[in-house]
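An overview of the molecular structure
Below, each chain spelled out in residue letters.
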Amino acid sequence: MEDRKTKYYPPSWATKWFLWFCHADFAEDILGDLEEEYQFHEPAVSKLMADFWFVRQVAGMMRPSLIKPFLPLLKLNNKLDMIKNYIKIGLRNLTKYKVSTAINLLGLSTGMAAFILIALFVKDELSYDRNHEHADEIFRITIKNFSGDGETLSRHWAFASAGHGPRIKEDFPQVTHATRFFPWAFPDVIYEDKRLPGEQVVFADPDVFDIFTFPFLQGNKESAFTNETSMVISEDAAIRIFGNDWREQDIVGKSVKIEARGAGLSLQITGVMENMPRQQHFHFDYLAPFAIYENVVNNPDVTNNVTGNYNYLTYVRLSDAAGAPAVEAGGSAFFDKHIADIRGVKAHNYYGLVLQPLTDIHLTSNISGEIENNGSMSQVVIFSVIGMLLIVVACINYMNLATSRYTRRMKEIGVRKSIGASRGSLISQFLTESVILTLISFPLAVGLATIALPSVNDFMDKQLTINFLQDFQLFLTVFGLLALVAMLAGIYPAIYLSGLDTIRSLKGESTFKTGKINFRTVLVTFQYVVTIAIIFSLAVLNAQMGFIFNSDPGFDKESVLDVSLSNDIYPKKEAFRNELLANQNITHATFVSRIPTGNLLDSQGASIFLGDSLTPVNFRLPYIVADENFITTYGIEMAAGNDFERYMDSDSIGYFIVNEAAVKAMSLASAEEAINRSMNYGGTDGKIIGVMKDFHFESLHSEIGPMIMVKNDNYRRISLKINPVNLSETIAFVEQTWAKFDQKNTINYNFVDESFENQYQGEERLSTMFKAFAVLAVLISCLGMLGMVTFIVERKTKEIGIRKVLGAKSPHIVWLVSRNFIWLISVAALVALPIGYYFMSDWLDTFAYQVTISPVLFVVPIVAVIMITFLTILYRTIKAVYINPVKYLRSE
């Protein structure tokens, strides 16, 4: 035995470590070799270096072939080997069937790209007004007008009267804060020698900063309305007034002047707030205390009124959102308390109080006087359904193509089963293929969505972005989408193909029952349901848009140029008009306060003589200021009386022209009864001299409401009726004339018909986006049909060969393949059309004037789908028709 005192040995812990992990079959031999080598090295180097060498060698022995068969590791290694094998075979099959792989990649990536874009749009629409800290406790006060029976609704107003906000706060303990918004329409904002024409200053109560969350960039909400000359401006307003470097200045405390038609007042800037986010249903750049307006009006009957004069957007914040029903229920007592009986009837029979949750306004509210165009929950639902359907259709497409290849893979499946592959392992194999395809499709989908996003943003007037790092919700949505697509696309082919009988698979024979109704038939029928429903919806949408743009609005909007008047031109407006009319291509010119292509937000209190007394009107009566040429320029027909022309040189008595809806709202029997009837509007006494036939001064979303036309000098624009011949030359003349009268300001004009169509931008966007997604859905469905036809043709190859030998002609063979599709389309139509009718009826209900869904609109999608199917079938069956029957019958 060797003396350990004169001979060194490797570290015992390293020897134990090696014996612990090394397989017993190799441990003794390897350890002997290492110790021998250690003894060889040790005399030549220090013991420390020899020990280091030994440890390094032991560590290097930790390789899978030498490690003991630990059970968990062994299982893990086996699984890893299996996964590698699945991936290798999956990639091999995807490259082997290049055409079907390309079709699936195209379908899945396109479907996912569309889904991502739709998810961004839906998320943006659902985020409106949620930027406010107390959003769930904020409600908008809206007023319902009844015809006196408490049940028949005549109008539902988004605006309230001036007195509603403060009185509701006093009467209901649930209401902790209340504010009103009243717009001072389009005054000029003046700072030193800079004048900003046509700005909009809004008066609000001090509670506004406790209700809404408006982050301040300079100043704070506590000092915002400290006195009655305060004003808070937005960042955009600060840039317009003080320039892009406004942040380098302390603009809090600076004074600006607000001026309109010579009257004005000086206000002190007390704060600069961030621009109101785009996802908000109202936007203001200037906020001033409501007390300013009260002082100017100096009439409590106006600023405390709770009947009519619906000009005040009113919001309240409750201590608890659950208290809203109690406030609404107390509305009847509220009106009875503050309003005397109306013609002997309790006030609650004429008025109703409704509290709209702030976060519901953008998508669910479409009542009279909405301050901005709202979105539509119907659009959100429709696009959400389309997005999901695109994914489902793409997955069905994958299923059809995967299972249609089964005749080519039967021998592969048979061989795998014969050498011991379990059904579970085959399912894993096929699921791996769908996962690989999904993972390859996803970056393609993100790329497609990123490329399309700028166009979508421009078209939808959005600012959507794809940023998975900052948007965790989007990340979760996309991750869930990946998992969903992989499972949906792969599970059915996996179960289907793994269930083939081993022996018959090796013979290339199908073992599945091939009845008329199976799961594949259900999938194809579902695709037809989706396609027919989308085409039907598109047909209805196109019909409604055609109805909108082709319907007669009741006035002549073609070739009418609307020009905004500058402050420099306003004093010389008559000379300006005469100069324009000198051009023979300008046939009429009228001064107006606004053109009839949108909401008329302003209205004033009105009273009319009914019988022997002056009775306040209990409905909103918005107005247009116009001169004696308005009726002629816009080609509006008169129902009774005259326009302003006969009275243009009369004395100071006021004259009014109302529309037929106003006559009806006044409970007058006919237009003639209204003529020469005395009334007061906005504090001006006068009489009605004419009644216009109703025309659409607002969009077709709402019914034609009452309106009044008054004549004074408060014009803001001039409308020019132009001969469309030599249009460019005429516009150039208008521009030259403008430059002659105003060298400082640039002319701002647009055509009235374009403004009219701009009211329907939302519907146009919906229509165009719907068409794009519909085309995608139909294309993807066509790919699925192609897969189904391929499957049928492959199954019927021998039958086709026999029929050709027996003398069958090409049309018979085409019918053989296509006849089942006719039944599928018929069944799908029975399911799809009622669903489409339900959704599109709901969408049409957002219009007061809508197209009737005619039988033709039901027939169009069926005919379209039959034609698409026939073309798809024809493409594939042509190959089957021209096959050599001998080739396929040889084995028989």
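Residues numbered from 1 in each chain as written. Predicted model: local features only at pLDDT ≥ 70, side-chain atom pairs only at ≥ 80, totals over all residues. Heavy atoms only, no water.

Turning our attention to a nonpolar patch on the surface. Where nonpolar side chains cluster on the molecular surface, the patch consists of Leu80, Ile83, Ile87, Leu91, Ile440 and Leu444 and spans about 470 Å² of accessible area. Secondary structure elements with two or more residues in the nonpolar patch: α4 (71-96) and α16 (423-460). By residue number, the principal contributor to the nonpolar patch is α4, which donates four residues. With respect to the element layout, Leu444 can be found in helix α16. (Patch = residues over 30% accessible without salt bridge, like charges linked within 9 Å, V, L, I, M, F, W, Y side chains within 5 Å. Areas by Shrake-Rupley, 256 points an atom, 1.4 Å probe, with all protein chains shown as cover. Salt bridge = Lys/Arg side-chain N within 4 Å of Asp/Glu carboxyl O. Helix = DSSP H or I, 4+ residues; strand = E, 2+ residues; numbered from the N terminus.)

Bringing the nonpolar core into the picture now. Residues Tyr528 and Phe821 are the most contacted members of the largest nonpolar core, which totals 121 residues. Not counting the four nearest positions on each side in its chain, Tyr528 is found in contact with Met785, Phe821, Leu824, Ile825, Ala828, Val865 and Thr869. Counting residues in each nonpolar core, the second largest holds 50 residues, with Phe284, Val306, Leu318 and Tyr351 among its members. (Core = buried A, V, L, I, M, F, W, Y, C linked by side-chain atoms within 4.5 Å. Buried < 20%, exposed > 50% of the residue type's maximum accessible area, 1.4 Å probe, protein only. Contact = heavy atoms within 4.5 Å.)

This paragraph deals with the pairing of strand β24 (residues 717-722). Among the six residues of β24, six are classified as buried, and the element is accordingly described as predominantly covered. Because side chains alternate across β24, one face comprises the buried residues Arg717, Ser719 and Lys721, and the other comprises Ile718, Leu720 and Ile722, equally buried. In terms of strand pairing, strand β14 (residues 560-564) meets β24 through five bridges, oriented antiparallel. Across the sheet, the residue bridging to Asp562 is Ser719, located in β24. Inspection of the sheet shows strand β15 (residues 586-592) paired to β24 by six bridges, in the antiparallel sense. Following the sheet pairing, Thr590 is matched in β24 by Ser719. (Pairing = 2+ DSSP bridges.)

Within this structure, the stated rule accounts for 39 aromatic pairs. Summarising the aromatic geometry, the rings of Phe290 and Tyr293 are spaced 5.3 Å apart at their centres and angled 65° between planes, so their arrangement reads as edge-to-face. You can see Phe290 and its partner Tyr293 sitting in helix α9 (residues 290-297), three residues apart, about one turn around the helix. Consider the rings of Phe555 and Tyr634, whose centres lie 6.0 Å apart with planes at 65°: the pair is edge-to-face. Here Phe555, found in the loop between α19 (519-550) and β14, pairs with Tyr634, found in the loop between α21 (630-633) and β19 (638-641); they are 79 residues apart in sequence, far enough to count as distant. For Phe555, a relative accessible area of 4% translates into the label buried. Ring pairing ties together the aromatic residues Phe181, Phe209, Phe212, Phe214, Phe216, Phe225, Phe282, Phe284 and Tyr315, which thus form one cluster. When the ring centre of Phe290 is taken as origin, the NZ or CZ atom of Arg180, which lies over that ring, is 3.8 Å away. (Phe/Tyr/Trp six-rings, centres within 6.5 Å; stacked < 30°, edge-to-face > 60°. Lys NZ or Arg CZ within 6 Å of the ring centre and 35° of its normal.)

Below, the discussion takes up the environment of Lys771. Following the sequence through the fold, Lys771 ends up in helix α26 (residues 761-795). Aside from chain neighbours lying at most four places away, what touches Lys771 is Leu538 and Asn542.

As a further point, take the sheet that holds β14. Across the sheet, four strands lie side by side as β15-β24-β14-β25; this open sheet has antiparallel pairing. The sheet is open, and its two edges are formed by β15 and β25 (749-751), each paired on a single side. Ignoring strand direction, the axes of neighbouring strands in this sheet form an average angle of 20°. The pairing of β14 with β25 spans three bridges and is antiparallel. (Axes fitted to C-alpha atoms, helices over the stretch in contact; angles between N-to-C directions.)

Remark: helix α20 (residues 573-581) packs on helix α24 (residues 727-741), axes separated minimally by 10 Å, with the N-to-C direction vectors making an angle of 150°. It follows that α20 is roughly antiparallel to α24 by the angle criterion. The two elements α20 and α24 meet at a crossing, and its hand is right-handed. When α20 is examined against α24, the residues Ala575, Phe576, Glu579 and Leu580 are found in contact with a partner set consisting of Phe733, Val734, Thr737, Trp738, Lys740 and Phe741. Along the lines of polarity and charge, the residues of the contact of α20 with α24 split into seven nonpolar, one polar and two charged. (Parallel < 35°, antiparallel > 145°, perpendicular 65-115°, else oblique. Left-handed = near helix turned anticlockwise from the far one by under 90°. Nonpolar A, V, L, I, M, F, W, Y, C, P; charged D, E, K, R; others polar.)

The first and last C-alpha atoms of helix α2 (residues 24-41) sit 26 Å apart over 18 residues, in line with the 26 Å expected at 1.5 Å per residue. Here α2 has its buried residues at Ala27, Ile30, Leu31, Leu34, Tyr38 and Gln39. The inward-facing, buried residues of α2 contact α1 (12-21) and α3 (47-60). (Expected span 1.5 Å × (residues − 1).)

For Leu48, the position within the fold is in helix α3. Residue class for Leu48 comes out exposed when judged on its relative accessible area of 65%. For the pair formed by Leu48 and Pro10, sequence separation is 38 residues and the distance between their alpha carbons is 9.8 Å.

Per the UniProt record, "transmembrane region" (unreviewed entry) is annotated on residues 102-122, 380-401, 435-454, 474-497, 517-541, 772-793, 813-840 and 852-875. For residues 435-454, the helix share is 100%, the strand share is 0%, and the end-to-end C-alpha distance is 30 Å. (UniProt positions renumbered as here; feature names shortened; annotations may be inferred.)

Right, let's talk about the confidence of the model for the protein for a bit. Taken over all residues, the pLDDT of the protein has a mean of 82, while the share at 70 or more is 90%. With pLDDT under 50 throughout, residues 1-5 is counted as low confidence; its partners more than four residues away or in other chains account for three contacts. (pLDDT = per-residue confidence, 0-100.)

Turning next to the packing of α16 against helix α17 (residues 472-498). It is the contact of α16 with α17, at a shortest axis distance of 8 Å, that shows an interaxial angle of 140°. One element, α16, and the other, α17, form an angle in the oblique class. Seen from above, α16 lies across α17 with right-handed handedness. Facing α16, whose interface residues are Arg423, Leu426, Ile427, Phe430, Leu431, Ser434, Val435, Thr438 and Phe442, α17 presents Val478, Leu482, Val485, Ala486, Ala489, Gly490, Ile491, Ala494, Ile495, Leu497 and Ser498. For the contact of α16 with α17, the residue count by class is 15 nonpolar, four polar and one charged.

What follows is about the side chain of Gln544. Note on placement: Gln544 falls in helix α19. Setting aside anything within four residues of it in sequence, one finds Gln544 in contact with Trp843, Leu844, Phe847, Tyr849, Gln850 and Val851.

For the rest of this paragraph, the subject is helix α5 (residues 98-126). Compared with an ideal rise of 1.5 Å per residue, which puts 29 residues at 42 Å, α5 spans 41 Å between its outermost C-alpha atoms and is within 8% of the ideal. In terms of burial, α5 is a largely internal element, 22 of the 29 residues being buried.

Within the secondary structure, Asn726 sits in the loop between β24 and α24. C-alpha of Asn726 to C-alpha of Asn585: the two residues are 141 residues apart in sequence and 8.0 Å apart in space.

A word on unusual backbone geometry. The phi angle at Glu192 is positive, at roughly 55°, despite the residue not being glycine. Take Glu192: its relative accessible area is 64%, and that puts it in the exposed class. Positive phi values are uncommon outside glycine, yet Ser667 reaches one of about 65°. Given a relative accessible area of 66%, Ser667 falls into the exposed group.

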